[in-house]
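Geometric and topological summary
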Amino acid sequence: MDNQVCCGRVTTDGVPDQLAHKVASLAELPEDLIFEILLFSPVKAILCFRCLSKSFCRIIDSEEFINMHYSRSAENKKHRKLIIRERAIGRWSNRSVNVFDVDSGLEETINKPYKRNPKPYGYCNGLILLFVDSFRLALWNPSTQKYRNLPRCPIKVPNGGHCTTVGMGLGYDSTRGDYKVVLIEDVQTVSNTHVLQSWVFGLRSNSWKRVQDFPERKDGFIYFGHFANGYLHWLCKYRIGEYALVTFDMAKETIVSQSLYPAFSRLLQIDLHVIDGCLCLSCVSWNPAEAVFYVREKDGTKLKWSTLFSVTTEMPILFDMNRFKDVRVLGYSNDGDKVMLDLGFKFIVLYDVKQKFFSSTESRKLDDDRNKVCNYPFLCHESLVSLGGGVSQRKSGQKRKKRT
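Notes on the structure follow.

Here we look at the overall build of the protein
In terms of regular secondary structure, the protein is built from six helices and 27 strands. A sequence separation of at least 24 residues applies to 48% of the contacts in the protein between residues at least 6 apart. Of the roughly 21,300 Å² that the protein leaves accessible, carbon and sulfur atoms contribute 49%.

Quick word on unusual backbone geometry
Its identity as a non-glycine residue notwithstanding, Asn-229 has a phi of 55°, on the positive side. With respect to the helices and strands, Asn-229 occurs in the loop between β14 (226-228) and β15 (231-239). Look at Glu-253: it is not a glycine, yet its phi comes out positive at around 60°. Among the secondary structure elements, Glu-253 is positioned in the loop between β16 (242-249) and β17 (254-259).

A word on the side chain of Asp-101
Its place among the elements puts Asp-101 in strand β4 (residues 91-101). Taking relative accessible area as the criterion, Asp-101 reaches 14% and is therefore assigned buried. Of note is the side chain of Asp-101, whose polar atom sits 2.8 Å from the side chain of Lys-81. Leave out the neighbours within four places in its chain, and Asp-101 touches Arg-80, Lys-81, Leu-106 and Glu-108.

Topic: the packing of aromatic side chains
One pass over the full model with this rule turns up 13 aromatic pairs. Ring geometry for Tyr-121 against Phe-224: centres 6.5 Å apart, planes inclined by 55°, an arrangement best described as tilted. Here Phe-224 lies in the loop between β13 (220-221) and β14 and Tyr-121 lies in strand β5 (residues 119-124), a separation of 103 residues in the sequence. The residues Tyr-121 and Phe-224 share a single accessibility class, namely buried.

The rules we used
Residues numbered from 1 in each chain as written. Predicted model: local features only at pLDDT ≥ 70, side-chain atom pairs only at ≥ 80, totals over all residues. Heavy atoms only, no water. Helix = DSSP H or I, 4+ residues; strand = E, 2+ residues; numbered from the N terminus. Contact = heavy atoms within 4.5 Å. Areas by Shrake-Rupley, 256 points an atom, 1.4 Å probe, with all protein chains shown as cover. Buried < 20%, exposed > 50% of the residue type's maximum accessible area, 1.4 Å probe, protein only. Polar contact = N/O pair within 3.5 Å; in protein donor to acceptor, adjacent residues only side chain to side chain. Phe/Tyr/Trp six-rings, centres within 6.5 Å; stacked < 30°, edge-to-face > 60°.

Next comes the structure, spelled out in structure tokens:
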């Protein structure tokens with residue numbers, strides 16, 4: 001049999017040495033049982049199993065298995081990765097995107113899709129939206145190490161005018177089984193009039209289309225789009241202390257803006273997060289000095305929020321950091337009893353919501369290098385989602401082997 005590559009090792013029978021003694025027994029198992037076993041496996045192992053037989057390959061590549069594997073991992077809080085974007089102080093071009101395994105806490109060695117590391121500006125079902133430069137966006141699956149460059153958005157700017165990207169995000173349209181990228185562009189004319197254009201890219205069609213324009217101009221957008229429950233969400237600011245939640249329906253491709261005033265106003269800091277697939281809102285105030293986290297509930301067309309938990313500056317780890325306003329929630333711990341918090345882009349810690357204390361033994365310092373700044377870490381699960389013609393990443397200098 002021809003040599004095959006699996007898990008980075010070349011074998012003569014197409015199977016890694018450490019798995020060779022299990023091939024015979026696995027092949028004899030019923031296909032339904034094989035399906036269930038693979039659902040609990042990490043992506044790296046699953047990609048190796050594709051080499052075992054055509055039946056394994058058929059199961060792993062099926063849309064049913066890909067969707068169920070991701071749902072099982074999300075439900076059990078397994079195979080999670082912490083994505084951290086770093087840049088050198090004073091050098092905006094010197095950026096890096098690093099991936100850490102949540103269970104082990106170790107950084108993973110992966111091939112980066114670009115020499116100049118781009119900025120992640122959205123994620124959905126294991127895929128990450130990358131802002132490469134002013135004219136290029138890309139989708140990246142760090143688990144399968146494949147990426148796909150997106151065609152340039154055909155925005156038409158009036159003569160003498162200019163446009164600025166004020167919001168972007170990645171989401172999933174479950175009604176069509178399609179991943180979509182949304183851009184919100186502020187197009188300004190010579191007469192200083194503004195139009196907020198909305199553009200949608202569909203992965204299946206591989207094309208952009210213009211949809212409903214934003215009804216009114218906002219004073220400021222929070223660039224990063226958060227996907228939850230079939231909608232993309234952005235936080236935008238009307239004026240000092242007054243915010244609105246901008247929601248894009250992935251199926252209907254319509255935009256709705258709902259004011260957060262007066263329930264959430266005159267705050268030091270307000271931010272959006274996604275925790276276990278639910279939209280979360282963090283509100284930081286000085287009087288009293290606390291950060292309260294809310295989760296959105298469905299209540300018809302109205303915004304309804306319920307309190308998740310709160311933290312205060314009386315806790316030493318927050319007081320000493322002097323970065324209280326930048327407390328962000330990342331997700332629940334594996335056992336579901338604690339939440340993982342990003343404290344001012346400095347520490348990743350576990351906080352026991354019921355007992356109201358931080359676990360000092362389960363924390364990670366993000367700024368070991370004083371010459372680097374960490375920005376907006378986030379959690380995502382491993383995924384087998386295909387990019388449909390995505391490009392496989394190869395190590396620098398590695399050439400494609402010729403078929404014989």
